[in-house]
Amino acid sequence: MKIRQLEAFRALILRQTVTRAADMLHISQPAVTRLINDLEADVGFSLFDRSNGRLNPTPEAMVLFEEVERSFAGIDRIAQTAEQIKSLRRGSLHIAGAPALALEFLPTTLTGFMREHPGVSTTLLIHASSIVVDMVVGRRCDVGFIAHPLTHAGANVETLYRAPMRCILPLGHRLADRDVIRPEDLRDESFISYPKEFDNRMYIDRLFAERQIDRVMSAESQLSAAICVLVQHGAGVAIIDQVTARYAAGRVLVKPFEPVVMSGFSLVTSTQHPPSRLAQAFVDYTKERMVELLAD
């Protein structure tokens, strides 16, 4: 049996005459008759009683019609699924990100994306940048977002954004009225820093050392979010990435810092397996949200 035979059979049952069945399928009446004859030859029994120029379905035809209808309902569901995939309303999205982005920015961004694309399911995993790259290369996630520029033969790494880092202070701090914080302002301040192996930590330490400005190194954390909590509760001041600082505003004071210290995040995709249409749509959406967040 061929699908076109079943389409003609179904159309004839639904429209009751060859003429209307032909109109439904946009083919000629002889073509409908030929398809019905071929189908009867294939199944081995009559599907229609022919009398007075009309084709009346046999009881056997009605039993077959029930199964055909179930099959065509399945085909309709497949067509609907294809349309949903095409319009980005069906599918799954697996994202991995470094904590600086994945604790607040990516969940917020994912929520907005899902609101615009109902029917999409998402997974967000939080890992160190090196693990995120391995996950993308190993196809355990669609795209990744990292805080430290890394290279891998199987990964494309694209700068997502670079922006000046911010100085954060506890609410009510003595420097609250300053428009810009400079290294000299932080002399002898309790300072919360990234670990020594971080590039930004090494650059900031060198900046203060060149100016012979001493700080009290009171605490370290690899997570910008944890540093914000320490600053919020008065453990010291810090210089962190602008994205985390934006989300911490209100809990801590956020000030520009000069001289400018740049930091950034990168997008990671596989060199062997390009992102799906859905994943690429999320990447584009993420870039737009990042521009909005750092608009000034």
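Every value quoted in this text rests on a predicted model; they were computed, and no experiment measured them. (Residues numbered from 1 in each chain as written. Predicted model: local features only at pLDDT ≥ 70, side-chain atom pairs only at ≥ 80, totals over all residues. Heavy atoms only, no water.)

Quick word on the pattern of salt bridges
Point 1. Taken as a whole and assessed by the stated rule, the structure comprises 13 salt bridges.
Point 2. Close ionic contact of Arg 289 with Glu 288 constitutes a salt bridge, the shortest N to O distance being 3.7 Å.
Point 3. Arg 289 sits in the buried class, given a relative accessible area of 19%.
Point 4. Look at Glu 288 and you get partly exposed, because its relative accessible area is 46%.
Point 5. Residues participating in the shared-partner salt-bridge network are Arg 201, Asp 205, Arg 215 and Glu 220. (Salt bridge = Lys/Arg side-chain N within 4 Å of Asp/Glu carboxyl O. Buried < 20%, exposed > 50% of the residue type's maximum accessible area, 1.4 Å probe, protein only.)

Quick look at the UniProt feature "domain: HTH lysR-type" (unreviewed entry) in the chain
Point 1. Mapped onto the present numbering, the UniProt feature "domain: HTH lysR-type" (unreviewed entry) falls on residues 1-58.
Point 2. Segment residues 1-58 splits into 62% helix and 14% strand. End C-alpha atoms: 18 Å apart. (UniProt positions renumbered as here; feature names shortened; annotations may be inferred. Helix = DSSP H or I, 4+ residues; strand = E, 2+ residues; numbered from the N terminus.)

A closer look at the side chain of Gln 5
Point 1. You can see Gln 5 is positioned in helix 1 (residues 3-15).
Point 2. Engagement of the side chain of Gln 5 in a polar contact is seen with the side chain of Asp 42, the distance being 3.3 Å. (Polar contact = N/O pair within 3.5 Å; in protein donor to acceptor, adjacent residues only side chain to side chain.)

Let's talk about the pairing of strand 2 (residues 54-57)
Point 1. As defined by bridge partners, strand 1 (residues 48-51) adjoins strand 2 across four bridges and the pair is classed as antiparallel. Following the sheet pairing, Ser 51 is matched in strand 2 by Arg 54.
Point 2. Linking strand 1 back to strand 2 in an antiparallel pair, the connection comprises two residues, with Asn 52 at a positive phi of about 55 degrees. (Pairing = 2+ DSSP bridges.)

A few points about the packing of helix 1 against helix 3 (residues 29-43)
Point 1. Direction vectors running N to C along helix 1 and helix 3 enclose 110 degrees, while the axes themselves pass 9 Å from each other. By the angle between their directions, the pair helix 1 and helix 3 is classed as roughly perpendicular. Here the hand of the crossing between helix 1 and helix 3 comes out left-handed. Residue-level contacts link Arg 4, Gln 5, Leu 6, Ala 8, Phe 9 and Leu 12 of helix 1 to Leu 35, Ile 36, Asp 38, Leu 39 and Asp 42 of helix 3.
Point 2. In terms of residue class, the contact of helix 1 with helix 3 is built from seven nonpolar, one polar and three charged. (Axes fitted to C-alpha atoms, helices over the stretch in contact; angles between N-to-C directions. Parallel < 35°, antiparallel > 145°, perpendicular 65-115°, else oblique. Left-handed = near helix turned anticlockwise from the far one by under 90°. Contact = heavy atoms within 4.5 Å. Nonpolar A, V, L, I, M, F, W, Y, C, P; charged D, E, K, R; others polar.)

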